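Remarks on the overall topology
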Amino acid sequence: NDDLGFELKYPLDLQDQNSQNLATADFDGLTENFLKVSFPQNYSRGTNLSAASIIAGAKNVSESACWKVYGNEVTTFGSGQSRYQDLLLNGVSFRTATVGEGAAGSFYSTTRYATFHNQRCYIISLITRSHDLKTLQASNPSTISYDEGRIKSVFSQVLSTFRFTK
């Protein structure tokens, strides 16, 4: 998407959520347009996964403001904390971290990648929401743990297609 300044490719079975009014949504302070694709039911049916999405966007900010999302050595978002890691993917330098938080039998996990290019901060995240497996199995013993590796593999595949268009 040239308006966003980047391109990502994702598997056809992921569901484009951009028909929703995302222009006014706030994701990581990204109040401009952004892309959201969700994993369909076949990734979660019969498991403790209730939702998984990949969200990507860009915002015109200074480089220091972009990295401020991550702090100096420890990043904090939600109520979780994680050390960030710098890495290079297809020639693009990213800063990444994963945090999770749980409450009332639900667990949220966010893996976030950020990079800075041409006065814009680009953020790509994988967000999952799952439920306590034992609690679900009490009412439905056939419930299994979702395949986290499969979800992360798709996310890695999507990340590998990232490129700047501006």
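Residues numbered from 1 in each chain as written. Predicted model: local features only at pLDDT ≥ 70, side-chain atom pairs only at ≥ 80, totals over all residues. Heavy atoms only, no water.

1. A short note on empty space enclosed by the protein
Worth spelling out the cut-off: Space inside and on the surface of the protein is sampled on a 1 Å grid over the protein atoms alone, with a cavity defined as a set of points where a 1.4 Å probe fits but cannot get out and a pocket as an open set with protein on both sides within 12 Å along at least 5 of 7 lines; lining residues have an atom within 4 Å of a point. Grid points are joined across faces, edges and corners, and a volume is the space filled by probe spheres set on the points. What counts as a helix is a DSSP run of H or I of at least four residues, what counts as a strand is a run of E of at least two, and both are numbered from the N terminus. Any residue that is not Ala, Val, Leu, Ile, Met, Phe, Trp, Tyr, Cys, Pro, Asp, Glu, Lys or Arg is counted as polar, Gly included; the first ten are nonpolar and the last four charged.
This model, assessed by the stated rule, comprises one cavity of 30 Å³ or more. If you trace the largest cavity, you find it lined by Thr98, Ser109, Thr110, Thr111, Leu126, Thr128, Tyr146, Glu148, Ile151 and Lys152. Elements that contribute at least two residues to the lining of the largest cavity include exactly β9 (106-117), β10 (120-131) and α3 (148-159). Of the residues contributing to the lining of the largest cavity, the split by class is three nonpolar, five polar and two charged.

2. A few points about the side chain of Thr115
The condition that has to hold: Buried, partly exposed and exposed residues are distinguished by accessible area as a fraction of the type maximum, computed with a 1.4 Å probe on protein chains only: under 20%, between the cut-offs, and over 50%, respectively.
Within the element layout of this structure, Thr115 appears in strand β9. Judged by its relative accessible area of 3%, Thr115 falls in the buried class.

3. A word on the environment of Arg129
Quick note on the threshold: Any pair of residues with heavy atoms lying within 4.5 Å of one another is described as a contacting pair.
Relative to the helices and strands, Arg129 is located in strand β10. Owing to a relative accessible area of 30%, Arg129 belongs among the partly exposed residues under this scheme. Measuring from C-alpha to C-alpha, the distance between Arg129 and Ala52 comes to 6.4 Å, with 77 residues separating the pair along the chain. Not counting residues up to four positions away in its chain, the partners in contact with Arg129 are Asn48, Leu49, Ser50, Ala51, Ser106, Phe107 and Tyr108.

4. Digging into the confidence of the model for the protein
Short version of the rule: A residue's pLDDT is simply how confident the predictor is in it, with values from 0 to 100.
Looking at the protein, the pLDDT average stands at 82 and 79% of residues meet or exceed 70. For the protein, per-element mean pLDDT is lowest for strand β5 (residues 74-77), which scores 47, and highest for α3, which scores 96. Of the regions scoring below 50 in pLDDT, residues 19-26 engages in eleven contacts with residues more than four places distant in sequence or in other chains. Here residues 71-78 is modelled with pLDDT under 50, and outside its nearest four sequence neighbours on either side it reaches 21 contacts, counting other chains as well.

5. Let's talk about unusual backbone geometry
Located in the positive-phi region is Ala104, a residue other than glycine, with phi close to 50°. Take Ala104: its relative accessible area is 85%, and that puts it in the exposed class. In this structure, Gln119 is a non-glycine residue whose phi angle is positive, near 65°. The topology assignment puts Gln119 in the loop between β9 and β10.

6. Remarks on the pairing of strand β3 (residues 34-38)
The criterion, for reference: Here, any two strands with at least 2 DSSP bridges between them count as paired.
With four of five residues buried, β3 is to be regarded as a mostly interior element. In this structure, β3 lies alongside strand β4 (residues 49-60), joined through five bridges in antiparallel fashion. Residue pairing for β4: Val37 is matched across the bridge by Ile54.

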